[in-house]
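# Summary of structural features
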Amino acid sequence: MRLEHQFEVPAPMSTTWDTFNDLEKVVPCFPGATIGEVDGDEFTGAVKVKLGPISLLYNGTGRFLERDEAAGRIVIEASGKDRRGNGTAGATVTAVLTEVADGTAVDVVTEMDIGGKPAQFGRGMIQSISNKMLDRFLACIREKMTGGAEV
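Per chain, residue numbering runs from 1 following the sequence as it is written. pLDDT decides what is reported in this predicted model: residues at 70 or higher carry local features, side-chain atom pairs at 80 or more are listed and counted, and totals for whole chains, interfaces and linings draw on all residues regardless. Computation of side-chain values: all heavy atoms of the structure, hydrogens and water removed.

### A word on the overall build of the protein chain
We count it as follows: Secondary structure is summarised from DSSP: a helix means a run of H or I of at least four residues, a strand means a run of E of at least two, and numbering begins at the N terminus for each. The globule rule used here is 2.2 Å times the number of residues to the 0.38 power, and the radius of gyration it is set against is calculated over C-alpha atoms. Under the scheme applied here, a residue whose accessible area is under 20% of the maximum for its type counts as buried, over 50% as exposed, and between as partly exposed, the area being computed with a 1.4 Å probe on protein chains only. What makes two residues a contact is simply this: any of their non-hydrogen atoms within 4.5 Å.
The number of helices and strands found in the protein chain is three helices and seven strands. On C-alpha atoms alone, the protein chain measures out to a radius of gyration of 15 Å, which is about the 15 Å that the 2.2 N^0.38 rule sets for 151 residues. The principal-axis extents of the C-alpha atoms in the protein chain amount to approximately 45 × 30 × 25 Å. The buried share among the 151 residues of the protein chain stands at 37%. Long-range contacts, defined here as pairs at least 24 residues apart, represent 52% of the contacts in the protein chain between residues at least 6 apart.

### Some thoughts on the sheet that holds strand β6 (residues 87-100)
Rule in force here: For two strands to be treated as a pair, DSSP must find no fewer than two bridges joining them. In this analysis, axes come from line fits to C-alpha atoms, helices being fitted only over the stretch in contact, and the angle between any two N-to-C directions falls in the range 0 to 180 degrees.
Taking strand neighbours across the sheet as the criterion, the seven strands line up as β1-β7-β6-β5-β4-β3-β2 in an open arrangement whose pairing is antiparallel. At either end of the open sheet lies a strand with only one pairing partner, and these are β1 (2-9) and β2 (33-39). Across the sheet, the axes of successive neighbouring strands diverge by a mean angle of 20°, strand direction being ignored. Bridge count for β6 against strand β7 (residues 103-116) is 14 bridges, and the pairing is antiparallel. Considered in β7, the bridge of Thr-88 is made with Gly-115. Along the sheet face, helix α1 (residues 13-20) touches β1, β4 (54-68), β5 (73-82), β6 and β7 and points at about 165° away from the line of β6. Set on the sheet, helix α3 (residues 122-146) makes contact with β1, β3 (42-51) and β7; between it and β1 the angle comes to about 20°.

### A look at α1
Stated formally: Directions from the helix axis toward the C-beta atoms define the arc.
For α1, every residue scored as buried is listed here: Met-13, Thr-16, Trp-17, Thr-19 and Phe-20. All buried residues of α1 lie within an arc of 165° about the axis, which places them on one face of the element.

### Quick word on the state of the cysteines
The condition that has to hold: Criterion for a disulfide: a pair of cysteine sulfur atoms within 2.5 Å.
According to the stated counting rule, one finds one disulfide in the structure shown. The disulfide partner of Cys-29 is Cys-140, and the S-S distance across this bridge is 2.1 Å. Note on the Cys-29 and Cys-140 pair: the S-S dihedral is about -60°, so by sign convention the disulfide is left-handed. Of the two residues, Cys-29 is situated in the loop between α2 (23-26) and β2 and Cys-140 in helix α3; the sequence distance between them amounts to 111 residues.

### Quick notes on α3
The condition that has to hold: Expected helix span is taken as 1.5 Å per residue step, with the number of steps being one fewer than the number of residues.
With 25 residues, α3 should cover 36 Å at 1.5 Å per step; its first-to-last C-alpha distance of 36 Å lies within 8% of that length. Along α3, the residues classified as buried are Ile-126, Gln-127, Ile-129, Ser-130, Leu-134, Phe-137, Leu-138, Ile-141 and Met-145. Check the buried side of α3 and you find it contacts β1, α1, α2, β3 and β7.

### A word on the nonpolar core
Applicable threshold: Here, the term nonpolar core denotes a set of buried Ala, Val, Leu, Ile, Met, Phe, Trp, Tyr and Cys residues that are joined through side-chain atoms within 4.5 Å.
Phe-7 and Phe-137 are the most contacted members of the largest nonpolar core, which totals 24 residues. Elements with a minimum of two residues in this core: β1, α1, α2, β5, β6, β7 and α3. Looking at which element gives the most residues to this core, the answer is α3, with five residues. Apart from the residues lying within four places of it in its own chain, the contact partners of Phe-137 are Phe-7, Phe-20, Val-26, Cys-29, Phe-30 and Pro-31. The next biggest cluster of nonpolar side chains, apart from the first, holds seven residues, and it includes Ile-54, Leu-56, Ile-126 and Ile-129.

In short, geometric facts, not functional conclusions.
Laid out in structure tokens, this is it:
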């Protein structure tokens, strides 16, 4: 399943680049997500998601596959397994940052593979939940970037 999102953040590209490469700062903005250990380009973490009538808690690992600052391109691969055995999920997320007049434009493409019970809900519900999570993430990031708080 391929999900595409575009948004802007009110900060210069260099600030946005630094923020998006610091998982310990940016992950708390993702609803339900926590970061575990970070070791170089690899990390562990968890994300809690409610999908229809079921709640999922994925524990997993991930790694940066690419960090090309000159091109503004970040590629992350992550996978996890639901703690209660409801399924697995994996994703490759590609973010491309571009300087714009009011900050930085971010184009994100997520290639997602979902197995088990969550797969029965289909693309529409997953896209809807993904959009809501992104909205909450953006509100958090924008507040931190415009409120003077450290991101």
